[in-house]
Amino acid sequence: MDFIDLKTQYGRLKPSLDERMAKVLAHGQYILGAEVAELETALARYAGTKHCIAASSGTDTLLMALMALGIGRGDEVITVPFTFVATGEMIALAGATPVFVDIDPRTWNLDPARLEAAITLRTRAIMPVSLFGQCADFAAINAIAARHRLPVIDDAAQSFGATQDGRRSCSLSLIGSTSFFPSKPLGAYGDGGAIFTDDDALAKLMHEIRVHGQDRRYHHPRLGLNGRLDTLQAAVLLAKLEIFDEEVAARGRIGARYSELIRQAFAGHEQRVVTPWLAPGNTSVYAQYTIEVDDRDAVQSRMKAQGIPTAVHYPVPLHLQPVFQSLGLREGAFPVSERAARRVISLPMHPYLGDEQQRQVVVALRAAVLG
């Protein structure tokens, strides 16, 4: 069994992929070719924003957002410790200091109730993470940000395609950033990302930052980076967009079915497995189907012995990573994140996961947890 099945998707899309990639090979514009602009238009329409800037990765788009906002040395940016390192890494590379706020134990996203206490005179932005496929609580976060006149950057690397109160991920804050890493719900065949905004001035800045700060050829009014998306990756993403709505719907059904199968399998033992909780008004694209268990390492080992692959996202929260040791934060600083990091485990998840495969996963999970 595959943890993520990209081969089945490829077989389904092969004619469209071949045609689109052949066009790129024929015209030879491998960097920022016409397909990139086509993709940006399609993505902006999908997300419901005025602007989309396709870029080299979801990591680079976070840095582009910070640079466009003028964030640098001496500034603070609030985020969560329970995320991939890129979130805090880009804040630090911009010259700012990441300030962590603990997560909601139900959604694993930033807890708005803890947010305001972390805001200081040096705070320049808030960067929530929409983890595992579900959007953070942007109604609450945006309200707090507005009171303090702070921009919000959504690290939506895992939530593109999800909705909150009828609006799509990447349209819920001043700037939305997503990733097209191959394993993401909308994944390229290499690195890629995109950044979204309704703000014309910010969009112009981020376009320039993407190409070394260039506003016209060989004229550079600001520092930038090499953040361009390869045209071949744009062609791949355009092909995948053709079936993306269908795959998002499948992910939702599979996620709901997992939760129901686990509920049935653990009747009388409900406390032994915590399944994903969807906040009211939210849908999830289940970039991962993640649960919490006790004795996670033993459970993972037992499932591996039964032929079931699993993964852990993320075993060490950012405040305990060696690279952020200088912040002086110790174990116990963010107990909800630390508990999640000890207990989360992700099960196989992709739009082509069959009913029988799901049953096999849950049977193995029950045996691994209950013995």
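Our structure's up above, just so we're on the same page.
Counting restarts for each chain, with residues numbered from 1 along the sequence as it is written. Where totals are concerned, whole chains, interfaces and linings use all residues; where local detail is concerned, this predicted model gives features only for residues with pLDDT of at least 70, and gives and counts side-chain atom pairs only at 80 or more. Side-chain metrics in this entry use all non-hydrogen atoms of the structure; hydrogen atoms and water are not considered.

Caption draft 1: Representation of the side chain of Ser171. Counting from the N terminus, the helices are the DSSP runs of H or I reaching at least four residues and the strands are the DSSP runs of E reaching at least two. Following the sequence through the fold, Ser171 ends up in the loop between β7 (167-168) and β8 (175-179). Residue classification places Ser171 among the buried positions, given a relative accessible area of 7%. Polar side-chain contacts of Ser171 include one of 2.6 Å to the backbone oxygen of Arg168. Contact definition: two residues touch when any of their heavy atoms are within 4.5 Å. With sequence-adjacent residues up to four places away left out, Ser171 is seen in contact with Ala47, Gly48 and Thr49. Accessibility here uses a 1.4 Å probe with only protein chains present; expressed as a share of the type maximum, an area under 20% marks a residue as buried, one over 50% as exposed, and anything in between as partly exposed. Pairing of N or O atoms within 3.5 Å defines a polar contact, subject to two protein rules: one partner must be a possible hydrogen donor and the other a possible acceptor, and residues neighboring in sequence count only if both atoms are side-chain atoms.

Caption draft 2: Representation of the environment of Thr275 in the model. Locating Thr275 in the fold gives a position in the loop between β10 (273-274) and β11 (289-293). Thr275 gets classed as partly exposed once you look at its relative accessible area, which sits at 25%. As for Thr275 and Pro185, which are separated by 90 residues in sequence, their C-alpha atoms are 20 Å apart. Discounting chain neighbours no more than four positions away, the residues touching Thr275 are Ser259, Ile262, Tyr289 and Ile291.

Caption draft 3: Quick peek at unusual backbone geometry. Cis geometry marks the peptide bond from His313 to Tyr314, where omega comes out at 10°. Within the secondary structure layout, Tyr314 lies in the loop between α9 (296-305) and α10 (335-343). If you check the backbone angles, Asp295 has positive phi at about 50° while not being a glycine. Along the chain, Asp295 turns up in the loop between β11 and α9.

Caption draft 4: Main features of helix α2 (residues 34-47). To estimate how far a helix should reach, multiply one less than its number of residues by 1.5 Å. Spanning 14 residues, α2 covers 20 Å between terminal C-alpha atoms, matching the ideal 20 Å at 1.5 Å per step. Of all the residues in α2, the buried ones are Glu35, Val36, Leu39, Glu40, Ala42, Leu43, Ala44, Tyr46 and Ala47.

Caption draft 5: A look at the pattern of salt bridges. By definition here, a salt bridge exists when the distance from a side-chain nitrogen of Lys or Arg to a carboxyl oxygen of Asp or Glu is within 4 Å. Taken as a whole, this structure holds 23 salt bridges when the rule is applied. Between Lys14 and Asp18 there is a salt bridge, with its nearest N and O atoms 2.7 Å apart. With Lys14 and Asp18 both in helix α1 (residues 6-27) and four residues apart, this pair spans about one turn of that helix. For Asp18, a relative accessible area of 34% translates into the label partly exposed. We note a salt bridge from Arg296 to Asp297, for which the minimum N-O separation is 3.3 Å. The class of Arg296 is buried, set by a relative accessible area of 9%. Residues joined in a network through salt bridges with shared partners are Arg20, Glu38 and Glu242.

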